[in-house]
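Here is how the chains run, residue by residue.
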Amino acid sequence: METILEINQLHKNYGALTAVDRISFQIKKGHVYGILGPNGSGKSTTLGMVLNVVNPTSGDYTWFEGNTSNHDALKRIGAIIERPNFYPSMSAVQNLELVCKIKNIDPSKIEEKLTVVDLLSRKHSPFKTYSLGMKQRLAIASALLNDPEILILDEPTNGLDPKGIRQIRDIIQQIASNGTTILLASHLLDEVEKVCTDVVVLRNGKMLYSGPVGEMNRNHGSIFIDAANRDALHEFLKDKPYAGSITKHDDGLEVKLYEDVDNAQINKDAFESGIILSKLLHKKQSLEDQFIELTNQN
Ligand SMILES: Nc1ncnc2c1ncn2[C@@H]1O[C@H](COP(=O)(O)OP(=O)(O)OP(=O)(O)O)[C@@H](O)[C@H]1O
């Protein structure tokens, strides 16, 4: 599958502050990627670096498998990384005609792109009469004018009401269904879960997870377990393929599960190893819990 963008050990310091800490990941054609992280986690800085508006401190990135210079690659990318900036008294069509002129793009696609973002019926209204959601949709239309291979959006639903959020998400999915690769930054787990196929989770500039959204959500939960001989129980659990990190509590051990495992199986295995369990509780973890845990751990 074609690689649209490869990021390799990309790093950015602002003085003593590390905004992005040696992150590496790939963007494959046709997928919808989310960069998920709380405020200040380095999402915008990452987008700024690959769009050539922020200089990396170290590391590198390659667009389109290196078949084009990073400068020429920008012509194949549509991006909205700042608040949309259009002339208030000019209509949607007039604003987009101006964008075409500045970027030297054929204006014949203006109506098609206004249709994609559901603004055709308002194409002659002045920009200043648009709602926030309409302004954002016009920005998306503008970024689509050159038929980009990848569309990059920074917090595309920020400040919108639920209806506006829904419209933007539907439009993103429609654009993706036509084969355009999408990369969006968001602090909303729910947004990434609904819209993206793949996710990169950032916290304090560090990459905590990269992979399919479905695998981040794999919900195996934890067990709370105890036995009279707790040290033997700990040793027994350490070798089990389903057991992840083990935390000691006053009233037993908490074990993160790497795979689904049945309580009866754990009980049987322990018994066969000479351990009689005095407690075995299974706790499922919500998606929100997992995200908060993922973004709070060191
Ligand atoms: N030009 C700059 N000069 C100094 N520090 C900066 C600059 N730009 C960003 N930072 C810092 O880098 C860190 C990462 O910021 P960044 O904007 O990339 O995060 P973010 O995840 O996009 O957050 P938000 O959603 O709040 O924009 C933050 O601590 C921020 O204060």
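Since the structure is predicted, the reported quantities are computational estimates derived from the model, not experimental observations.

Peer 1: Help me understand the site of the ligand in this model?
Peer 2: Around the ligand, the surrounding shell consists of Tyr14, Leu17, Ala19, Pro38, Asn39, Gly40, Ser41, Gly42, Lys43, Ser44, Thr45 and Glu155. Between the ligand and glycine 42 there is a distance of 3.0 Å, counted from an oxygen atom to a backbone nitrogen or oxygen. Notes on the ligand: free accessible area 630 Å², of which the protein chains cover 58%. The set of elements that each furnish at least two residues to the shell around the ligand consists of strand E2 (17-28) and helix H1 (43-50). Of all the elements, H1 adds the most residues to the shell around the ligand, at three residues. Taken together, the residues that form the shell around the ligand break down as four nonpolar, six polar and two charged.

Peer 1: I would appreciate a short explanation of the domain arrangement of the chain in the present structure.
Peer 2: By convention, interface size is frequently given as the accessible area that disappears when the constituent parts associate. The domains assigned to the chain are domain 1 (3-216) and domain 2 (222-296). Computed from C-alpha atoms alone, the centre-to-centre distance between domain 1 and domain 2 is 42 Å.

Peer 1: Can you walk me through the nonpolar core in this structure?
Peer 2: Inside soluble globular proteins, nonpolar side chains tend to come together where they are buried. Ranked by internal contacts, the top residues of the largest apolar core, which has 45 residues, are Leu114, Leu138 and Ile140. Among the elements that take part in this core, helix H5 (residues 132-144) stands out by supplying seven residues, more than any other. The contact partners of leucine 138, leaving out residues within four places of it in the chain, are Phe86, Ala92, Leu96, Leu114, Leu119, Phe127 and Tyr130. Ranked by size, the runner-up nonpolar core spans 26 residues in total, among them Leu5, Leu10, Tyr33 and Val200.

Here is what the cut-offs are and how they apply
- Residues numbered from 1 in each chain as written.
- Predicted model: local features only at pLDDT ≥ 70, side-chain atom pairs only at ≥ 80, totals over all residues.
- Heavy atoms only, no water.
- Near = heavy atom within 4 Å.
- Polar contact = N/O pair within 3.5 Å; in protein donor to acceptor, adjacent residues only side chain to side chain.
- Areas by Shrake-Rupley, 256 points an atom, 1.4 Å probe, with all protein chains shown as cover.
- Helix = DSSP H or I, 4+ residues; strand = E, 2+ residues; numbered from the N terminus.
- Nonpolar A, V, L, I, M, F, W, Y, C, P; charged D, E, K, R; others polar.
- Domains from an automatic or database assignment.
- Core = buried A, V, L, I, M, F, W, Y, C linked by side-chain atoms within 4.5 Å.
- Buried < 20%, exposed > 50% of the residue type's maximum accessible area, 1.4 Å probe, protein only.
- Contact = heavy atoms within 4.5 Å.

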